[in-house]
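Spelled out, the chains give:
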Amino acid sequence: MTKRSRYLLPKFLVVACLGVSLCGLGACAKTPDKLGDSLGGQPESPALDENQLGVMLTKIDETLSAADTALDDAQMVKRVVGPALKVRTVSYALGRMTQGAAKPPHLPISDWQVLAMSTNPTWPRNVIVVSQPSAQPDAAPDAAKTVYMFGYEQGSVEAPYALWGWVRLFPGIQVPQTFKPDHGSTQPGMENKDLAMEPSMVAVNYAKLLNNISDESVNTLFNTDVHLERYNNEKIQYAQDLRNDGTVTFDAQPGKDGFLTLGTTDGGAIVMTTLDYSVTYQRTRAGATMAVGGALAPFLGGDVQVRGTVTSNGLLLAAFYIPPKDADNPRVTALGAERSVISAARDDSVSP
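What counts and what doesn't
- Residues numbered from 1 in each chain as written.
- Predicted model: local features only at pLDDT ≥ 70, side-chain atom pairs only at ≥ 80, totals over all residues.
- Heavy atoms only, no water.
- Helix = DSSP H or I, 4+ residues; strand = E, 2+ residues; numbered from the N terminus.
- Polar contact = N/O pair within 3.5 Å; in protein donor to acceptor, adjacent residues only side chain to side chain.
- Contact = heavy atoms within 4.5 Å.
- Buried < 20%, exposed > 50% of the residue type's maximum accessible area, 1.4 Å probe, protein only.
- Pairing = 2+ DSSP bridges.
- Axes fitted to C-alpha atoms, helices over the stretch in contact; angles between N-to-C directions.
- Expected span 1.5 Å × (residues − 1).
- Salt bridge = Lys/Arg side-chain N within 4 Å of Asp/Glu carboxyl O.
- Core = buried A, V, L, I, M, F, W, Y, C linked by side-chain atoms within 4.5 Å.
- Phe/Tyr/Trp six-rings, centres within 6.5 Å; stacked < 30°, edge-to-face > 60°.
- Lys NZ or Arg CZ within 6 Å of the ring centre and 35° of its normal.

Asks: Teacher, can you tell me more about the side chain of threonine 280 here?
Replies: By secondary structure assignment, the location of threonine 280 is in strand 7 (residues 269–283). Of the polar contacts made by the side chain of threonine 280, one reaches the side chain of threonine 311; its length is 3.1 Å. Setting aside residues up to four positions removed in sequence, threonine 280 forms contacts with Thr247, Val248, Thr249, Thr309, Val310 and Thr311.

Asks: Can you walk me through the environment of proline 83 in this structure?
Replies: Mapped onto the elements of the fold, proline 83 is located in helix 3 (residues 82–97). Judged by relative accessible area, proline 83 falls into the buried class, the value being 0%. Between the C-alpha atom of proline 83 and that of aspartate 257, which follows or precedes it by 174 residues, the distance is 6.3 Å. Setting aside its immediate chain neighbours within four residues, proline 83 contacts Trp164, Asp257, Thr274, Leu315 and Leu317.

Asks: Can you help me understand the sheet that holds strand 5 (residues 162–169) in this one?
Replies: Two strands in a sheet stick together by hydrogen bonds in their backbones, pointing the same way (parallel) or opposite ways (antiparallel). Judged by pairing direction, the sheet is antiparallel, and its eight strands sit side by side in the order 2-3-4-5-11-10-7-6 without closing on themselves. What marks the edges here is a single partner per strand, and that holds for strand 2 (112–117) and strand 6 (246–263). The average undirected angle you get between the axes of adjacent strands in this sheet is 25 degrees. Sheet topology places strand 5 next to strand 11 (residues 333–347); two bridges connect them, and they run antiparallel. Paired with arginine 168 across the bridge in strand 11 is alanine 337.

Asks: Would you mind going over helix 3 with me for this structure?
Replies: Between its first and last C-alpha atoms helix 3 spans 23 Å; for 16 residues at 1.5 Å apiece the expected length is 22 Å, and the two agree. Where helix 3 is concerned, the buried positions are Pro83, Ala84, Val87, Arg88, Val90, Ser91, Tyr92, Leu94 and Gly95. Remark: glutamine 99 follows helix 3 within two positions and exhibits a positive phi of approximately 55 degrees.

Asks: Would you mind going over the pattern of salt bridges with me for this structure?
Replies: Close approach of charged atoms allows side chains of opposite charge to pair. Taken as a whole and judged by the stated rule, the model has 12 salt bridges. The closest approach of N and O atoms between arginine 96 and aspartate 73, which form a salt bridge, is 3.2 Å. Remark: aspartate 73 occurs in helix 2 (residues 73–76) and arginine 96 occurs in helix 3; sequence separation between them is 23 residues. Across the pair lysine 193 and glutamate 198 runs a salt bridge, and its minimum N-O distance is 2.4 Å. One salt-bridge network, held together by shared partners, links Asp303, Arg307, Arg346 and Asp348.

Asks: Can you help me understand the nonpolar core in this one?
Replies: Considering soluble globular proteins, one finds that nonpolar side chains tend to be buried as a cluster. By size, the foremost hydrophobic cluster in this structure holds 61 residues, and its most contacted members are Met149, Leu169, Tyr206 and Tyr281. With 26 residues, the next largest nonpolar core counts Leu53, Ile60, Leu107 and Ile109 among its residues.

Asks: Would you explain helix 4 (residues 199–211) in this entry?
Replies: Side chains three or four residues apart in an α-helix point the same way, a direct result of the helix having 3.6 residues per turn. Considered for burial, the residues of helix 4 that qualify are Pro199, Val202, Ala203, Asn205, Tyr206, Ala207, Leu209 and Leu210. Elements in contact with the buried residues of helix 4: helix 5 (226–241), strand 6, strand 7, strand 10 (309–322) and strand 11.

Asks: Help me out: how do you make sense of the pairing of strand 11 in this one?
Replies: Side chains on a regular strand alternate between the two faces of the sheet. Examined bridge by bridge, strand 10 and strand 11 share 13 bridges and lie antiparallel to one another. Looking at the pairing, alanine 318 lines up with alanine 337 of strand 11.

Asks: Quick question: what am I supposed to make of the packing of aromatic side chains here?
Replies: Taken as a whole and judged by the stated rule, the model has eight aromatic pairs. On the basis of an interplanar angle of 5 degrees and a centroid distance of 5.7 Å, the ring pair of tyrosine 148 and phenylalanine 150 is categorised as stacked. Judged on exposure class, the residue tyrosine 148 and its partner phenylalanine 150 are both buried. Seen from their ring centres, tyrosine 206 and phenylalanine 222 are 5.5 Å apart, and the 55 degrees between their planes marks the pair as tilted. Here tyrosine 206 is found in helix 4, whereas its partner phenylalanine 222 is found in the loop between helix 4 and helix 5, with 16 residues between them in sequence. Linked through ring pairs, Tyr231, Tyr238, Phe250 and Tyr281 together constitute an aromatic cluster. Its guanidinium or amino end placed over the ring of tyrosine 277, arginine 339 lies 5.4 Å from that ring's centre, counting from NZ or CZ.

This is the structure:
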């Protein structure tokens, strides 16, 4: 019998800057007469003004750029925390493993167009920044550009602000309006009851939706988005391609990295959080030839063949807009996402 060869390319989310609306975060940013915090009353003033925020971003950019060039974890950790630290640590390890051939993706940290800052009187304190449209430095002149949303956190009074996470905003997405930095924005808590969904439940419910887009308990809670559609299409395509030779199983779970929030002018919130996901490739027909894509090769010692199973484990960073509870449309909207492979493992013992 002739062997069938299946070459499986892990899909990575790459979002071009096509029609992203930044009205709420740019020229249309709002200065309130009075701004109440999530517990009622008047919050503290923002810790940093716009100029100080710009200086902060420049320092983070300089530190990260130097660390990227040297693939230096010790230098990176001075200004990178949380899920961003997980992803960047893997990028540096891959860079060293490939003698610099695999470079950490460039992040346009200091090339910003919008700043929004928390008025939280305690710690952690959050900052959200939207970048100018950007392409990778080595990209072709006509390459599509991307708008990033970055989340920063100051974990304690002694700690400097550090990069917590980033996403690429989806094409055509409208970013909700936030308050100007001189007045600041609220920082809703994990179980805020004034929102259409508690921030602590966003990753839980989105994971359920990724696992089963038809799940009636959650599919009415979210507007559809680019990542959700692509993720579901991947599952359908793999099932079709491998129906005679093997299977590919996707599994998403809420992450363990917490979340970063900032209030919007309408009483809603922007929430950045993480999900853990795995993709398991399994050969089920003896004699079939299966291989995963080259992106997984460094994690597998260069051997991309699937003899039994190969499992890729990754981190999904995502940003959501949660409207206020009394909104006309209470559905949560995913604003952007970034998927990164963190590890991969094989088990040849289950070969058919």
